[in-house]
Amino acid sequence: MAATTPPKVVFEHEGVFIHSSPDESEDQDLISGFLRIVDKDGETLVEYKPLEDADPSNMLCACKDSSSVVEWAQSSEDNPHRPIDHQLSYETEWDMINAVSFRRKVHSHGDGGSNHANDRNKWAFSFNVCDLRSITVKCEGWSCITFRLKDGTALPAIHFHQGGSTAFLDSLRKLVQINESPDDENVLIVSTYSRAFSQSFENLLDDTNYGFVQKFKKDPYTTTLGGFSKVTNYLFDAFRVPELEYHQRPAEEVADLLGEIIPGLEINQQEEPGFEVITRLDLGPRPEVQRRGPVAMEEWAKYQDSEGRITNVPHLKDVIFKGGLCHAVRREAWKFLLGYFPWNSTHEERKLLQKRKTDEYFRMKLQWKSVSEEQEKRNSRLRDYRSLIEKDVNRTDRNNKFYEGLDNPGLILLHDILMTYCMFDFDLGYVQGMSDLLSPILFVMENEVDAFWCFVSFMDEMHENFEEQMQGMKTQLVQLSTLLRLLALAFWNYLEAQDSGYLYFCFRWLLIRFKRELHFQDVLRLWEVMWTRLPCQNFHLLVCCAILDSEKQKIMDRKYGFNEILKHINELSMKLDIEEILIKSEAICMQIKNCKDLPHSVSEILGLNTVTEPSAALETSEYGILESPQTSPRSTHRQDHVISNGHSHLKESTHNGCKVAFIS
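Given the structure is predicted, the values throughout are model-derived calculations rather than measurements.

How each quantity is defined
- Residues numbered from 1 in each chain as written.
- Predicted model: local features only at pLDDT ≥ 70, side-chain atom pairs only at ≥ 80, totals over all residues.
- Heavy atoms only, no water.
- Helix = DSSP H or I, 4+ residues; strand = E, 2+ residues; numbered from the N terminus.
- Buried < 20%, exposed > 50% of the residue type's maximum accessible area, 1.4 Å probe, protein only.
- Areas by Shrake-Rupley, 256 points an atom, 1.4 Å probe, with all protein chains shown as cover.
- Salt bridge = Lys/Arg side-chain N within 4 Å of Asp/Glu carboxyl O.
- Core = buried A, V, L, I, M, F, W, Y, C linked by side-chain atoms within 4.5 Å.
- Contact = heavy atoms within 4.5 Å.
- Disulfide = S-S within 2.5 Å.
- Phe/Tyr/Trp six-rings, centres within 6.5 Å; stacked < 30°, edge-to-face > 60°.
- Lys NZ or Arg CZ within 6 Å of the ring centre and 35° of its normal.
- Axes fitted to C-alpha atoms, helices over the stretch in contact; angles between N-to-C directions.
- Parallel < 35°, antiparallel > 145°, perpendicular 65-115°, else oblique.
- Nonpolar A, V, L, I, M, F, W, Y, C, P; charged D, E, K, R; others polar.
- Expected span 1.5 Å × (residues − 1).
- Bend = angle between axes of the 7 residues up to and from the residue.
- Pairing = 2+ DSSP bridges.
- Patch = residues over 30% accessible without salt bridge, like charges linked within 9 Å, V, L, I, M, F, W, Y side chains within 5 Å.
- Lys, Arg positive; Asp, Glu negative; His and termini not counted.
- Charge placed at Lys NZ, Arg CZ, Asp CG, Glu CD.
- Polar contact = N/O pair within 3.5 Å; in protein donor to acceptor, adjacent residues only side chain to side chain.
- pLDDT = per-residue confidence, 0-100.

> How would you summarise the overall build of the chain if you had to cite specific residues and measurements?
When helices and strands are counted, the chain shows 25 helices and 17 strands. Taking all 664 residues of the chain together, 56% fall into the buried category. Carbon together with sulfur atoms contributes 49% to the accessible area of the chain, which is approximately 28,800 Å² in total.

> Just give me the short version of the pattern of salt bridges, but keep the residues and values in it.
A full pass over the atoms with the stated rule returns 33 salt bridges. With a closest N to O distance of 3.3 Å, Lys 174 and Asp 384 form a salt bridge. A residue pair is termed long-range when its members are at least 10 positions apart, and Lys 174 in the loop between helix 3 (165-173) and strand 10 (177-180) and Asp 384 in helix 14 (residues 380-393) qualify at 210 residues. Looking at Lys 174, the relative accessible area reads 22%, which means it is partly exposed. In this structure, Arg 330 and Glu 528 form a salt bridge, with 2.7 Å as the shortest nitrogen-oxygen distance. Of this pair, Arg 330 sits in helix 11 (residues 327-337) while Glu 528 is found in helix 21 (residues 520-530), placing the two residues 198 residues apart along the sequence. On the basis of relative accessibility, which here comes to 0%, the residue Glu 528 falls in the buried class. Several salt bridges converge on common partners, so that one network encompasses Arg 291, Arg 330, Arg 525, Glu 528 and Glu 579.

> Summarise the nonpolar core; cite the residues concerned and give the values.
Grouped together as the largest cluster of nonpolar side chains are 128 residues, with contacts concentrated most on Ile 441, Phe 466 and Ile 592. If near-sequence neighbours (up to four positions away) are discounted, Ile 441 is found in contact with Trp 334, Leu 338, Ala 451, Cys 454, Phe 455, Phe 458 and Trp 531.

> Requested: an account of the state of the cysteines, with residues and values cited.
Per the stated rule, a full pass over the model turns up zero disulfides. With no disulfide of its own, Cys 545 lies closest to Cys 544 among cysteine sulfurs, the gap being 6.8 Å.

> Run through the packing of aromatic side chains, naming residues and quoting values.
Under the counting rule described, the total for this entry stands at 29 aromatic pairs. Look at Tyr 502 and Tyr 504: their rings are 5.4 Å apart centre to centre, the planes differ by 45 degrees, and that puts the pair in the tilted class. For Tyr 502, a relative accessible area of 15% gives the class buried. Residue classification places Tyr 504 among the buried residues on the basis of a relative accessible area of 7%. Ring pairs connect the aromatic residues Phe 11, Tyr 48, Phe 125, Phe 127, Phe 147, Phe 160 and Phe 168, which therefore count as one cluster. One residue, Lys 174, lies across the ring of Tyr 385, its end atom 5.1 Å from the ring centre.

> So, the packing of helix 12 (residues 347-369) against helix 15 (residues 409-424): which residues are in play, and what are the values?
Where helix 12 contacts helix 15, the two axes come as close as 8 Å, and the packing angle between them is 90 degrees. Viewed along their axes, helix 12 and helix 15 adopt a mutual orientation that is roughly perpendicular. Contact residues: Tyr 361, Met 364, Lys 365, Gln 367 and Trp 368 in helix 12; His 415, Asp 416, Ile 417, Met 419, Thr 420, Met 423 and Phe 424 in helix 15. Of the residues contributing to the contact of helix 12 with helix 15, the split by class is seven nonpolar, three polar and two charged.

> Explain unusual backbone geometry to me, using residue names and the numbers behind them.
Here Leu 534 and Pro 535 are connected by a cis peptide whose omega angle stands at -5 degrees. Position of Pro 535 relative to the elements: it lies in the loop between helix 21 and helix 22 (539-557). Residue Glu 446 is not a glycine yet carries a positive backbone phi of 50 degrees. The topology assignment puts Glu 446 in the loop between helix 16 (434-445) and helix 17 (448-466). Residue classification places Glu 446 among the partly exposed positions, given a relative accessible area of 23%.

> Account for helix 17, naming residues and giving values.
With 19 residues, helix 17 extends only 23 Å from end C-alpha to end C-alpha; this falls clearly short of the ideal 27 Å at 1.5 Å per step. At Asp 460, helix 17 shows its maximal kink, close to 55 degrees. Burial analysis of helix 17 places 16 of its 19 residues in the buried class, which makes it a mostly covered element.

> Pulling in residues and values, what's your account of the pairing of strand 2 (residues 30-40)?
Among the 11 residues in strand 2, eight count as buried, and that is most of the element. Two elements, strand 2 and strand 3 (residues 43-50), share eight bridges in a ladder whose sense is antiparallel. Each bridged residue has a counterpart across the sheet, and for Arg 36 the counterpart in strand 3 is Glu 47. Here strand 2 folds back onto strand 3, and the loop between the two strands holds two residues, one of which, Asp 41, carries a positive phi near 50 degrees.

> An account of helix 10 (residues 313-323) is needed here, citing residue identities and associated values.
Judged by how many residues are buried, helix 10 sits mostly within the fold: 10 of 11 residues are covered. When we look at burial in helix 10, the residues that qualify are Val 313, Pro 314, Leu 316, Lys 317, Asp 318, Val 319, Ile 320, Phe 321, Lys 322 and Gly 323.

> Tell me about a negative patch on the surface, and name the residues and values.
Together, Asp 41, Glu 43, Asp 131 and Asp 151 line one region of the surface with negative charge. Residue placement: Asp 151 occurs in the loop between strand 8 (143-149) and strand 9 (158-160). Judged by its relative accessible area of 60%, Asp 151 is exposed.

> A description of the environment of Asn 128 should follow, citing residues and the corresponding values.
Position of Asn 128 relative to the elements: it lies in strand 6 (residues 125-128). Given a relative accessible area of 12%, Asn 128 falls into the buried group. The spatial distance from the C-alpha of Asn 128 to the C-alpha of Val 38 is 9.6 Å, given a sequence separation of 90 residues. Setting aside chain neighbours within four positions, we find Asn 128 in contact with Glu 43, Thr 44 and Leu 45. One polar contact links the side chain of Asn 128 to the main-chain amide nitrogen of Cys 130, over a distance of 2.9 Å.

> Lay out the confidence of the model for the chain with the relevant residues and their values.
Summary statistics for the chain give a mean pLDDT of 75 and a share of 66% for residues scoring 70 or more. Segment residues 53-93 is flagged for pLDDT under 50; beyond a separation of four residues in sequence, or across chains, it makes 97 contacts in the model. Between residues 628-664, whose pLDDT stays under 50, and residues either more than four places distant or in other chains, the model counts 141 contacts.

> Would you mind going over the pairing of strand 11 (residues 187-191) in detail, with residue names and values included?
As defined by bridge partners, strand 7 (residues 132-139) adjoins strand 11 across three bridges and the pair is classed as antiparallel. The residue bridging Thr 136 from the neighbouring strand is Val 187, located in strand 11. Relative to strand 11, strand 10 runs antiparallel, the two being bridged by four bridges. What sits directly across from Gln 177, in strand 11, is Ser 191. Hairpin geometry of strand 10 and strand 11 is characterised by an intervening segment of six residues between the two adjacent antiparallel strands.

> I'd like to hear about the side chain of Gln 304, residue by residue, with values.
In this structure, Gln 304 sits in the loop between helix 9 (297-302) and helix 10. A polar side-chain atom of Gln 304 sits 3.5 Å from a polar atom in the side chain of Glu 332. Excluding anything up to four places from it in sequence, Gln 304 contacts Arg 309, Ile 310, Thr 311, Glu 332, His 347 and Arg 350.

> Can you tell me about the environment of His 540, naming the residues and giving the values?
Note that His 540 resides in helix 22. By relative accessible area, His 540 is classed as buried at 5%. In this structure the C-alpha to C-alpha distance between His 540 and Met 530, which are 10 residues apart in sequence, comes to 7.0 Å. Apart from the residues within four sequence positions on either side, His 540 is in contact with Gln 476, Leu 510, Arg 513, Phe 514 and Met 530. Separated by 2.8 Å, the side chains of His 540 and Gln 476 make a polar contact.

Have a look at this one:
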């Protein structure tokens, strides 16, 4: 008989009461118990048990994750363990924080308790979070919560006489979407897509196999559609219909469900008056472009003056965009490209900056390293962050020599930087996928502090991708749809006909900037090219268009449907040629710029012709992008809307009040 996975306690709070009588009679009993959220056998359960039913062995391991194998401790003097480059902080007190060792630790676990009400006590209950419809929260001098399930069952009210209701609801919000009812301010409405998104992008990042509806119905949380995230995973959760084991929903219904997952991408809305109608645009020929070799150390040195300031920044960015960087240059150049070092700073100014940033980093690191085990038991968010980080770190780029093997110092630094980032941005904390963004940066920097601050700069750009409302992803998907309609209207119409107009198959590309689509060295090349912010704003969207442009004919000729399109795009991973993609992406950009009657919406997305008079402090690059020599402009996200007249021929995009309609 196969062993079952020990349960993981996500949240636990003792001193939660049930009143034996709904009225306030003086002789009623107060049943004291503990409330917890438990992950068990792929399901997340909310359990309440009176204290007499509690299993002490389980309560002791409430914050222990059975998959957790790391424990951090100060190194002994006899066996110091230093990060790469024997990195020392500027102040000696940080050396203690920086010296960590890695060792295996075995935790004992109980059996996790029963999922069903204990027959000895009628007050115990347990339910799957997916079965929860609403939560009523009242204040009676303390918080009182009542759960109502989707089948109409109302569970006994639980009373938080000793506090803890806010922490419980915060933990629950990570698993389900909770919104206030428009009809009753005391009622919270529960839906399930947030669990799909917030619990992580685990399947988006890990799955290399491809399964279809029959497999989803049997095990939707481990068999995902081409690895397209828990968002898609949620979609197929709707397919679990036991009495219709082999029933498959039509593609149009699948697309409708996808639309429900990310609100704001409605495609078949009512036509609105007042938009400008533009016929199919002739973009003209696509120009040929050439790339050059990477910037070597000798060439990089020519752009520095005697005090270390970087000169002629626009031209330097041009050559980096055209050829990238030799690996020996990356450690220094990436700090400028990511905004950690100002372009006009001197050697001495950068040394002072690093000293200040080192102190700041280790003060934040000390915050989580000094949390005791007893404190952590009472901090569910920190436990959740640590658990996710440990899980991700142990499987991030393990085929790369920098991270391979056991007790790898690279993994220790990866863990520590991500934990410290939780202290830097505790609201966001850690979401699965962020380790993929840090890994190449740490690989290049080989330095804990520098990698952290470069990662912070990258996350400033990528932050919205990981927020719970997915605003960054929504905006980019709609912007990509607008560009694709301009560049390949026939292909976009084909995708629309196959209920793929949402372009969800590009979700992973956008989420972690092609990290799982390209070989590791190609990721380094693509990222440094994109960080130049050339040749336009949102260049990564043109990279998506270039890949789709190469695949469109095959998709249409083979008459791929909804499922086949997702499968085909997913299987492009590790088969893409980065130089060919960059050549085509730049050519597409130049083709768009050469269009005389370019729709304003497209100009807005790519940041073209948005500045008429450059100020004296700005320099112009070869591509006409105005830049400050000190900072690079960050792309701004705009929400677009797509409108149809019901015949799939009239499509509209809205940007800053300008409406453009495409006629096929």
